[in-house]
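# Coordinates in review
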Amino acid sequence: MKKIAILTSGGDAPGMNAAIRSAAKFAFYQGIEVFGVRRGYKGMVDNDIFKMTSSDVSGIIDRGGTVLLSARLPEFKDPEVRKIAAANLKAHEIEGLIVIGGDGSFHGADLLYKEHGIKVIGIPGTIDNDIIGTDFTIGYDTTLNIIIEAMVRLRDTATSHERTYLVEVMGRDAGDLALYASLAAGGDGFFIPEAKDTVQDIADVIKERRAMGKLHDIILVSEGVGSAYEIGNELKKIVDTELRITVLGHIQRGGSPSAFDRVLATKMGAKAVKELMAGESGMMICSESNKITTKFIDYAWNGIVDNTQKRKDIELAHILTK
Ligand SMILES: Nc1ncnc2c1ncn2[C@@H]1O[C@H](COP(=O)(O)OP(=O)(O)O)[C@@H](O)[C@H]1O
Ligand SMILES: O=P(O)(O)OC[C@H]1O[C@](O)(COP(=O)(O)O)[C@@H](O)[C@@H]1O
Ligand SMILES: [Mg+2]
């Protein structure tokens, strides 16, 4: 393997730069040429591919976002578009591709491998932590910490004014951010896709808390269950509490990555290069029980979902909200 390329795709995630840096530096060390593809699959199609040097990855380990830029290109679902992208990569004589992104990006990578024989390795980079097969995705821990910090700030004003705050957090269809922020910062209730709490259930929790003399609440709403504004309107009809809504939005995706994400990204970046050097393809890098492992990339969406621990954590979080 003499030439490889790296791209970042889908929603950016803190720690993507640490993964790019590690993969590039490890490849340079092995005498491999490294190319950067700008804006994910869009840059592959537009032939926005450049040779990287060590200065491209210097001073980026602590930077959020992605220096390679990211994009969403729905047209990549079209085989003809993928054909153009594959031809551009081959014109540069690039033999291996590292795709840092989420489940959507992995679908694209899988198809590049199956249709065009491009050797691809996926690195899970998304704040959502929604990739089956890996305990953690790059960016999730940093975002969790951002949410926790926001909750701490909101609690000050919530207690001062004796209010209920509904805090809407990201996660597309996965409730991990809301659930574990609730566990980590003492949330008083949560709406997540994996648990079927109704507005009435949360209203009951608020009433129980008032009966116990607790005069404020911080309730997490995972975007996957709907808008905090709509839920707030329903809640107001059945419980007498002063309500405020906070949508954290893209603030959750920015900022310097946590130590955890930097270390995870650094280990995964180097492992991806090792896999390409070993001739592997169509694989994703995983973190399982503190070990860096690999799985077939389609495990990300076809794999066995083991929610045993999450169910226990939901049960515990319910107990602790009271
Ligand atoms: N089924 C698919 N086939 C081919 N490419 C896909 C597919 N799904 C997603 N992609 C590509 O991956 C990009 C990122 O996917 P998206 O789901 O938005 O983010 P993420 O990779 O973070 O989950 C899409 O914009 C598209 O270019
Ligand atoms: O950046 P956009 O286009 O507003 O998308 C928001 C979505 O991206 C995310 O932040 C990250 O999702 P992906 O990693 O799948 O791209 C989701 O939590 C959220 O639903
Ligand atoms: Mg995704």
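Residues numbered from 1 in each chain as written. Chains lettered and ligands numbered in written order. Predicted model: local features only at pLDDT ≥ 70, side-chain atom pairs only at ≥ 80, totals over all residues. Heavy atoms only, no water.

### A look at the confidence of the model for the protein
- Looking at the protein as a whole, its pLDDT mean stands at 97, while 100% of the residues score no less than 70.
- Model confidence for the complex is summarised by a pTM of 0.97, with the ipTM given as 0.98. (pLDDT = per-residue confidence, 0-100.)

### A word on the environment of Lys 291
- Assignment of secondary structure puts Lys 291 in strand β11 (residues 291–296).
- Sequence separation between Lys 291 and Gly 122 is 169 residues, and the spatial gap between their C-alpha atoms is 16 Å. (Helix = DSSP H or I, 4+ residues; strand = E, 2+ residues; numbered from the N terminus.)

### Things to note about the side chain of Thr 137
- Locating Thr 137 in the fold gives a position in the loop between β5 (119–124) and α5 (140–161).
- By relative accessible area, Thr 137 is classed as buried at 0%.
- Among the polar contacts made by the side chain of Thr 137, one reaches the main-chain carbonyl oxygen of Thr 126 at a distance of 2.5 Å.
- Residues within four places of Thr 137 in sequence aside, it is in contact with Pro 124, Thr 126, Asn 129, Asp 130, Ile 131, Asp 261 and Leu 264. (Buried < 20%, exposed > 50% of the residue type's maximum accessible area, 1.4 Å probe, protein only. Polar contact = N/O pair within 3.5 Å; in protein donor to acceptor, adjacent residues only side chain to side chain. Contact = heavy atoms within 4.5 Å.)

### Structural notes on the packing of helix α1 (residues 16–29) against helix α9 (residues 259–277)
- Across the interface, α1 lies against α9 with an axial gap of 7 Å and an inter-helix angle of 40 degrees. Between α1 and α9, the angle falls in the class oblique. The interaxial crossing formed by α1 with α9 has right-handed handedness. On α9, the residues that touch Ala 18, Ala 19, Ser 22, Ala 23, Phe 26 and Ala 27 of α1 are Arg 262, Ala 265, Thr 266, Gly 269, Ala 270, Val 273 and Lys 274.
- Residues belonging to the contact of α1 with α9 are distributed by class as follows: eight nonpolar, three polar and two charged. (Axes fitted to C-alpha atoms, helices over the stretch in contact; angles between N-to-C directions. Parallel < 35°, antiparallel > 145°, perpendicular 65-115°, else oblique. Left-handed = near helix turned anticlockwise from the far one by under 90°. Nonpolar A, V, L, I, M, F, W, Y, C, P; charged D, E, K, R; others polar.)

### Focus: the site of ligand 2
- Every residue close to ligand 2 is listed here: Gly 10, Gly 11, Arg 72, Thr 126, Ile 127, Asp 128, Met 170, Gly 171, Arg 172, Glu 223, His 250 and Arg 253.
- One nitrogen or oxygen atom from the side chain of Asp 128 is found 2.6 Å from an oxygen atom belonging to ligand 2.
- Burial of ligand 2 by the protein amounts to 79% of the accessible area it has alone, namely 480 Å².
- Considered class by class, the residues forming the shell around ligand 2 number two nonpolar, five polar and five charged. (Near = heavy atom within 4 Å. Areas by Shrake-Rupley, 256 points an atom, 1.4 Å probe, with all protein chains shown as cover.)

### Some remarks on the side chain of Asp 176
- Secondary-structure assignment places Asp 176 in helix α6 (residues 176–185).
- At 2.6 Å, the side chain of Asp 176 forms a polar contact with the side chain of Lys 310.
- Dropping the residues within four chain positions of it, Asp 176 is found in contact with Asp 128, Asn 129, Tyr 140, Ala 181, Glu 194 and Lys 310.

### Some thoughts on the UniProt feature "binding site: ADP" (unreviewed entry) in the protein
- The residues that UniProt annotates with the feature "binding site: ADP" (unreviewed entry) are Arg 21, Ser 22, Ala 23, Ala 24, Lys 25, Arg 155, Gly 186, Gly 187, Asp 188, Lys 214, Leu 215 and His 216. Annotated residues spanning 196 residues; largest pairwise C-alpha distance 53.2 Å, indicating distribution over more than one region.
- Among the secondary structure elements, Gly 186 is positioned in the loop between α6 and β7 (189–191).
- Judged by its relative accessible area of 38%, Gly 186 falls in the partly exposed class.
- With respect to the helices and strands, His 216 occurs in the loop between α7 (199–211) and β8 (217–222).
- Take His 216: its relative accessible area is 14%, and that puts it in the buried class.
- Setting aside residues no more than four positions away along its own chain, His 216 makes contact with Arg 155, Ala 158, Thr 159, Glu 162, Arg 163, Asp 188, Arg 209 and Arg 210.
- At 2.8 Å, the side chain of His 216 and the side chain of Arg 155 are in polar contact. (UniProt positions renumbered as here; feature names shortened; annotations may be inferred.)

### Things to note about the UniProt feature "binding site: ATP" (unreviewed entry) in the protein
- Taking the numbering used here, the UniProt-annotated feature "binding site: ATP" (unreviewed entry) corresponds to Gly 11, Arg 72, Leu 73, Gly 102, Asp 103, Gly 104 and Ser 105. Across 95 residues in sequence, these annotated residues keep their C-alpha atoms within 13.9 Å of one another, forming a single compact spot.
- Along the chain, Arg 72 falls in the loop between β3 (49–51) and α3 (79–91).
- Once you skip the residues sitting within four places of it in the chain, Arg 72 turns out to touch Gly 10, Gly 11, Arg 172 and Arg 253.
- Checked against the element boundaries, Leu 73 lands in the loop between β3 and α3.
- For Leu 73, a relative accessible area of 22% corresponds to the partly exposed category.
- The residues touching Leu 73, leaving out its near neighbours within four places in the chain, are Tyr 41, Lys 42, Val 45 and Val 81.

### Structural notes on the site of ligand 1
- The immediate surroundings of ligand 1 are formed by 15 residues, with Arg 72, Leu 73, Gly 102, Asp 103 and Ser 105 found nearest.
- Contact between ligand 1 and Arg 72: an oxygen atom at 2.6 Å from a side-chain N or O atom of the residue.
- For ligand 1, an oxygen atom lies 3.0 Å from a polar atom in the backbone of Gly 102.
- Coverage of ligand 1 by the protein amounts to 85% of the 550 Å² it exposes when considered alone.
- Sorting elements by how many residues they give to the shell around ligand 1 places helix α4 (residues 103–116) first, with six residues.
- Considered class by class, the residues forming the shell around ligand 1 number four nonpolar, eight polar and three charged.

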